[in-house]
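# Observations on chain architecture
Spelled out from the first residue to the last, the chains are:
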Amino acid sequence: MRQPSFLSLRRASVRTACRHSALVAAFALLLAGGGSAALAQGTAYVSSEKDSALTMIDLATLAVKGTIATCKRARHIQLTPERQIMVACTDSNQADLIDPATGKSVRRIPLGDEPEAFDLSPDGKVIYVSNEDAGEASFIDAASGKKLRSVKVGAEPEGVKVSADGKTLYVTSEVASLVHVIDTASGKVVKNIRVGKRPRRMAITPDGKELWVTNELGASVSIVSTATNEVIDTLKFEVKGARAEDITPVGIQMTSDGKRAFVGLGRANHVAFVDVASRKVGSLVLVGKRAWNVTLDKAQARLYVVNGLSDDVTVVDVAGAKAVKSVPVGRVPYGLVIVE
């Protein structure tokens, strides 16, 4: 039998070493990114108040891959039912509708004076927006941009949330410390719910039974029964080493099974992992400065935290409850959506 030459043995050794190195590198990436989360494909889009642009983060590499120009002072951002990106621009008094496939603006939609946050009807046909200076919630026809209705609410309205059936609209008033419950069919305020000081954003449990409201100056979340429109519990936050006035919760998101909520604690620079059933904080994860808004990826394996004062996004491994990377983005980032 012919014996293999030294050269062929050397080549085989090199190939084996290369395969081994590749496997080691892939395994390291999985560990660093939180297992299967490292395999996520898609893009995160981050709005920026100071740059009039969206920053794009590649989900697989967690690297910035470019920007998309948009209108002035881009703030609240979310996906439409057609999977297009809608961003409210406060200084332009409009929304920019962007096609993620092309990275181009499709059209601009008037939203009235000083729009900040919004939500969409389940069919995407109506935009419900908070107009801060006017103290109103506006109903905007998404196709024509025509204002359908304005509803007077408390001073400095902020958060906007529509029920899953589209029948009820919730709007927070920062100054009045109220959540206004609005019947979308009639445009009438049916209840004003007193919550904590300076309420900001909201999440509805998947079963529709509870509305969770973050109170920025109350270091708390008010839990409201949607059946009675009454506060049934209050969850207070504490962070070791942080003053109570620096615990300023704003962004909130729940898992699809409703078992866990994630709350950005603002100037406390942490995100709270909350067990929904017990109303208890399980973990506190240190992130960037002024943890503002929070977004889960589709697999709910990674949490993306927008940090308004450190101009970055912290990527958190949910299973390990630890930050895995900080990604620099635009100046004063505000919100984030993910397209996978």
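Everything that follows concerns the structure shown earlier in this document.
Now for a description of the structure that goes with this document. (Residues numbered from 1 in each chain as written. Predicted model: local features only at pLDDT ≥ 70, side-chain atom pairs only at ≥ 80, totals over all residues. Heavy atoms only, no water.)

### Considerations on the pairing of strand E22 (residues 270-275)
In plain terms, the rule: Residue burial is assigned from relative accessible area. The probe radius is 1.4 Å, only protein chains are included, and a residue is buried under 20% of its type maximum, exposed over 50%, and partly exposed in between. Secondary structure follows DSSP: runs of H or I at least 4 residues long count as helices, runs of E at least 2 residues long count as strands, and numbering of each begins at the N terminus. Two strands qualify as a pair provided that DSSP identifies no fewer than 2 bridges between them.
Most of E22 sits out of view: five of its six residues are buried. Pairing of strand E21 (residues 260-264) with E22, which is carried by five bridges, proceeds in the antiparallel orientation. By the bridge assignment, Arg-260 is partnered in E22 with Asp-275. Here E21 folds back onto E22 in antiparallel fashion, the turn holding five residues, of which Gly-266 has a positive phi close to 60 degrees. Pairing of E22 with strand E23 (residues 280-286), which is carried by six bridges, proceeds in the antiparallel orientation. When the sheet's bridge partners are listed, Phe-273 is paired in E23 with Ser-283. Linking E22 to E23, which pair antiparallel, is a turn of four residues; within it Arg-279 sits at a positive phi near 60 degrees.

### Side note on the pairing of strand E15 (residues 188-194)
Regular strands have side chains that alternate between both faces of the sheet. In the sheet, strand E14 (residues 178-183) pairs with E15 via six bridges, with the strands oriented antiparallel. Bridge assignment links Val-181 to a residue of E15, and that residue is Lys-191. Hairpin connection of E14 to E15: four residues between the antiparallel strands, including Gly-187 at a positive phi of 75 degrees.

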